[in-house]
Amino acid sequence: MENNKRTAIEVVVDTAVTAFAEGLISRYSREIDDVNGVVNMKKNNCFIAELGEEFMFYSAFVRSFDSSFGNVLEKMGNNIARLSYEVRGSINSFILPDQIQRISSVLDSYVSHTALPSVDHYDNYTSIIPRDTTSFVRTHQTDNYFYNPETNEHFLIELKASGDLDNKKARAEKSALLDEYFLLKNQLINDQNAKIKVFFATAYNKFGEGNEWKQERVRQFFANEELLIGKDYWDFVCNDNEGFDIIFNQYKISSEKIKTALNEIKEMYF
């Protein structure tokens with residue numbers, strides 16, 4: 001990777017982590033005298049309090065920390081992607097009834113195990129476009145839509161920054177991605193060379209980087225080529241095989257700011 005790009009990625013990571021750490025201090029400073037604040041409410045749980053201040057403090061943080069830090073990772077991914085792609089926000093297009101039916105039929109076949117997930121099930125599907133599509137128009141806001149102008153490739157990504165997906169939601173996630181796929185396909189109908197790819201991604205591999213990702217219920221709906229798990233996601237965002245290593249090495253340095261912030265907050269309350 002070129003040094004300029006490497007430096008830019010490191011700056012994005014450090015900026016995101018620094019802002020997050022500062023935000024933690026700001027939030028919990030405001031709540032210190034609030035009886036309904038996250039930490040103060042946990043103090044009132046005598047069962048948790050009995051386990052000691054350290055446990056009580058971190059148990060107050062875990063749920064809100066996971067959620068807010070997941071947002072940080074998603075925004076960080078988009079900001080890094082801007083170094084290699086155009087990052088777009090919404091799709092203004094239409095989706096036809098037969099395409100909606102196609103999505104339902106394909107997903108039903110996965111549920112019944114009569115077919116294994118494959119990009120061919122939607123990528124090769126064609127529809128007759130009516131003259132008037134007004135009644136089928138939608139505007140769909142996307143969180144992760146990258147475009148590579150050099151290759152004319154469009155990438156639609158559903159990212160789970162938590163590294164996990166509730167098995168019960170797997171079908172809904174694939175359905176939403178295929179909605180986006182057909183909306184974009186119809187928007188690009190006059191560009192015969194455009195390529196569209198959809199991905200389900202996680203910010204880390206819950207089974208450990210380098211190990212097989214074993215969420216079989218999710219795999220029931222997503223083909224291997226539709227998955228970007230952990231390192232693969234960050235390498236893709238960076239458009240470089242060194243991407244994850246560069247990001248995580250910088251994170252290890254920058255994360256000291258989060259540790260410092262947590263200690264400062266702990267001292268405020270105990």
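Remember, it's a predicted structure, so these values are computed and weren't measured experimentally. (Residues numbered from 1 in each chain as written. Predicted model: local features only at pLDDT ≥ 70, side-chain atom pairs only at ≥ 80, totals over all residues. Heavy atoms only, no water.)

Novice: Account for the environment of Phe 61, naming residues and giving values.
Specialist: By secondary structure assignment, the location of Phe 61 is in helix H4 (residues 53–81). Sequence spacing of Phe 61 and Leu 262 is 201 residues, and the spatial spacing of their C-alpha atoms is 9.5 Å. Beyond its immediate stretch of four places on either side in the chain, Phe 61 contacts Leu 24, Tyr 28, Val 39, Leu 262 and Ile 265. (Helix = DSSP H or I, 4+ residues; strand = E, 2+ residues; numbered from the N terminus. Contact = heavy atoms within 4.5 Å.)

Novice: Outline the packing of aromatic side chains, listing residues and values.
Specialist: If you walk through the whole model with that rule in mind, you get 20 aromatic pairs. Ring geometry for Phe 200 against Phe 222: centres 5.3 Å apart, planes inclined by 35 degrees, an arrangement best described as tilted. Placement of the pair is Phe 200 in strand E4 (residues 195–202) and Phe 222 in the loop between helix H8 (216–219) and strand E5 (227–229), with a sequence separation of 22 residues. Just as Phe 200 is buried, Phe 222 falls in that class too. With a centroid separation of 4.8 Å and an interplanar angle of 70 degrees, the aromatic rings of Tyr 233 and Trp 234 are classed as edge-to-face. Here Tyr 233 matches Trp 234 in class, with each residue buried. (Phe/Tyr/Trp six-rings, centres within 6.5 Å; stacked < 30°, edge-to-face > 60°. Buried < 20%, exposed > 50% of the residue type's maximum accessible area, 1.4 Å probe, protein only.)

Novice: Pulling in residues and values, what's your account of the pairing of strand E2 (residues 137–148)?
Specialist: The pairing of strand E1 (residues 86–94) with E2 spans 8 bridges and is classified as antiparallel. Paired with Val 87 across the two strands is Phe 146, which belongs to E2. Where E2 meets strand E3 (residues 153–160), 4 bridges bridge the pair, whose relative direction is antiparallel. Note that in E3 the partner of Asn 148 across the bridge is Glu 153. Connecting E2 to the next strand, E3, in antiparallel fashion are 4 residues, including Asn 152 with a positive phi near 55 degrees. (Pairing = 2+ DSSP bridges.)

Novice: I'd like a description of unusual backbone geometry, backed by residues and values.
Specialist: With a phi angle near 65 degrees, His 113 is a residue other than glycine that sits in the positive phi range. You can see His 113 is positioned in the loop between helix H5 (97–111) and helix H6 (120–123). Phi at Asn 239 is positive, roughly 55 degrees, even though this residue is not glycine. With respect to the secondary-structure elements, Asn 239 resides in the loop between helix H9 (231–238) and helix H10 (243–254). Relative accessible area serves as the criterion here: at 43%, Asn 239 is assigned to the partly exposed category.

Novice: Requested: an account of the side chain of Lys 266, with residues and values cited.
Specialist: The topology assignment puts Lys 266 in helix H11 (residues 256–269). Given a relative accessible area of 18%, Lys 266 falls into the buried group. A polar contact is formed between the side chain of Lys 266 and the side chain of Glu 54, at a distance of 3.1 Å. Those residues in contact with Lys 266 that lie beyond four places of it in its chain are Glu 54, Phe 57 and Tyr 58. (Polar contact = N/O pair within 3.5 Å; in protein donor to acceptor, adjacent residues only side chain to side chain.)

Novice: Describe the pattern of salt bridges, and please don't skip the residues or the numbers.
Specialist: Taken as a whole and judged by the stated rule, the model has 13 salt bridges. Measuring nitrogen to oxygen at the nearest pair gives 3.3 Å for the salt bridge that ties Glu 153 to Lys 197. Remark: Lys 197 occurs in strand E4 and Glu 153 occurs in strand E3; sequence separation between them is 44 residues. Here the salt bridges do not stand alone but share partners, grouping Glu 158, Lys 160 and Glu 173 into one network. (Salt bridge = Lys/Arg side-chain N within 4 Å of Asp/Glu carboxyl O.)

Novice: Describe in detail the side chain of Gln 99, supporting the description with residues and values.
Specialist: By secondary structure assignment, the location of Gln 99 is in helix H5. Given a relative accessible area of 2%, Gln 99 falls into the buried group. Not counting the four nearest positions on each side in its chain, Gln 99 is found in contact with Tyr 125, Ser 127, Phe 182 and Asn 186.

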